[in-house]
Amino acid sequence: MMVVVFGPAVILITITMGKCEHNFQTLPVYSEMPDYEFIGANGEVVNNKTQEGKVTLFTTLQTTCPQNCAIDIFKFNLQIYQDYRKNQKSLGHVKIVSVVTDENGNPVDNIDELLYTMNDMIEGYDSTIWNLVTGDPKQIYDIENNGVNLYSTTSDSTFAGKSFLETMLIVDKQNQLRLVRRGNQEGLIRDFKQHVALLQKQYDKDARNSNEEK
């Protein structure tokens, strides 16, 4: 009787799970990222070559943070950074790179005070995971996503009237732009993290298929 009643449901669940394994959502490739070069918190060069083979999450951070910051730095820390910090064994290839600007989006040279703030404010802050860099943010934001230039788009409703300051990017291991999200809302930050997980799932599947072929 149990088999008659529950058998079809069990079969349906099994088939559905099998389909989910093979047909999960994949992230589209929007464009190739332009060449860029920044200087990291410890004086190291951060560019296309150094990030090759890594998943890089780009944001901006202002010298006025945390009082006046384009992204919700507290939610970003709790939902993204702390998770990656505690799971370095499996997520050590995911790096956060935040380009430091002033409150108007201009590049700055001195980030010592902001580094001090990060160490004081962010539990377990590690610049090898979340790197603050100096340089012109236009290098990575002067690109098009769905026909819209991220750098030139402005709106009175955005931070300092410059929407790119609030924009988070996912760049894959091949230097391709995979997602653009604003970082000023908790729900968008959560969605951003979920898309990083989707990209990781895609890499895991590709690795399994490669091993099976061998």
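Residues numbered from 1 in each chain as written. Predicted model: local features only at pLDDT ≥ 70, side-chain atom pairs only at ≥ 80, totals over all residues. Heavy atoms only, no water.

Asker: Give a description of the nonpolar core that names residues and reports values.
Answerer: Core analysis: the biggest nonpolar cluster contains 35 residues, and Leu57, Leu61, Met118, Trp130 and Leu132 have the highest contact counts within it. Only strand E4 (55-62), helix H2 (73-86), strand E5 (94-101), helix H4 (112-121), strand E6 (130-133), strand E9 (167-171) and helix H6 (186-213) provide two or more residues apiece to this core. Looking at this core, the element that brings in the most residues is H6, giving six residues. Of all hydrophobic cores here, the second largest spans 20 residues; its members include Val133, Leu150, Phe164 and Leu177. (Core = buried A, V, L, I, M, F, W, Y, C linked by side-chain atoms within 4.5 Å. Buried < 20%, exposed > 50% of the residue type's maximum accessible area, 1.4 Å probe, protein only. Helix = DSSP H or I, 4+ residues; strand = E, 2+ residues; numbered from the N terminus.)

Asker: Tell me about the confidence of the model for the protein chain, and name the residues and values.
Answerer: When pLDDT is averaged along the protein chain, the result is 88; 88% of the residues meet or exceed 70. This stretch, residues 1-22, has a pLDDT under 50; its non-local contacts, to residues over four places away or in other chains, come to four contacts. (pLDDT = per-residue confidence, 0-100. Contact = heavy atoms within 4.5 Å.)

Asker: Describe in detail the packing of aromatic side chains, supporting the description with residues and values.
Answerer: The relation between two aromatic rings is expressed through the spacing of the ring centres and the mutual angle of the planes. Enumeration over the complete set of coordinates arrives at eight aromatic pairs. Of the aromatic side chains, those joined through ring pairs into one cluster are Phe76, Tyr81, Tyr125 and Trp130. The side chain of Lys173 reaches across the aromatic face of Tyr203, ending 4.3 Å from its centre. (Phe/Tyr/Trp six-rings, centres within 6.5 Å; stacked < 30°, edge-to-face > 60°. Lys NZ or Arg CZ within 6 Å of the ring centre and 35° of its normal.)

Asker: Hey, could you go over the state of the cysteines for me, with residue numbers and the actual values?
Answerer: Taken as a whole and judged by the stated rule, the model has one disulfide. What pairs with Cys65 in a disulfide is Cys69, and their sulfur atoms sit 2.1 Å apart. Its S-S torsion of approximately 75 degrees makes the covalent link between Cys65 and Cys69 right-handed. We note that Cys65, like Cys69, is buried. (Disulfide = S-S within 2.5 Å.)

Asker: Quick one: what's the story with H4, residue by residue and with numbers?
Answerer: Turning to H4, its buried residues number three or more, namely Leu114, Leu115 and Met118. The arc that holds every buried residue of H4, seen down its axis, measures 105 degrees, which confines them to one face. Every exposed residue of H4 that faces more than 90 degrees away from the buried side is listed here: Asp112, Glu113, Tyr116 and Asp120. Lining the buried residues of H4 we find E4, H2, E5 and E6. (Arc of directions from axis to C-beta.)

Asker: Hey, could you go over the pairing of strand E10 (residues 176-182) for me, with residue numbers and the actual values?
Answerer: E10 sits mainly inside the fold: five of its seven residues count as buried. Looking at chain direction, strand E1 (residues 31-32) and E10 are connected through two bridges and run antiparallel. Bridging across to E10, Glu32 finds its partner in Gln176. Two strands pair when backbone bridges link them, and E9 and E10 are joined in this way by five bridges, in the antiparallel orientation. Of the residues in E10, the one forming a bridge with Leu169 is Val180. Between E9 and E10, which pair antiparallel and follow one another directly, the connecting turn spans four residues, one of which, Asn175, has a positive phi of 65 degrees. (Pairing = 2+ DSSP bridges.)

Asker: Before we move on, can you summarise the layout of surface pockets with the specific residues and values?
Answerer: Roughly 180 Å³ of volume is contained in the largest pocket. Looking at the largest pocket, it is lined by 14 residues, and the ones nearest its centre are Glu44, Gln51, Lys54, Thr128 and Asn131. Counting only elements with at least two residues in the lining of the largest pocket, the list comes to strand E3 (45-47) and E5. Broken down by element, the lining of the largest pocket gets its largest block of residues, three residues, from E5. (1 Å grid on protein atoms, 1.4 Å probe; cavity = no way out; pocket = protein on both sides within 12 Å on 5 of 7 lines; lining within 4 Å. Points joined across faces, edges and corners; volume = space filled by probe spheres on them.)

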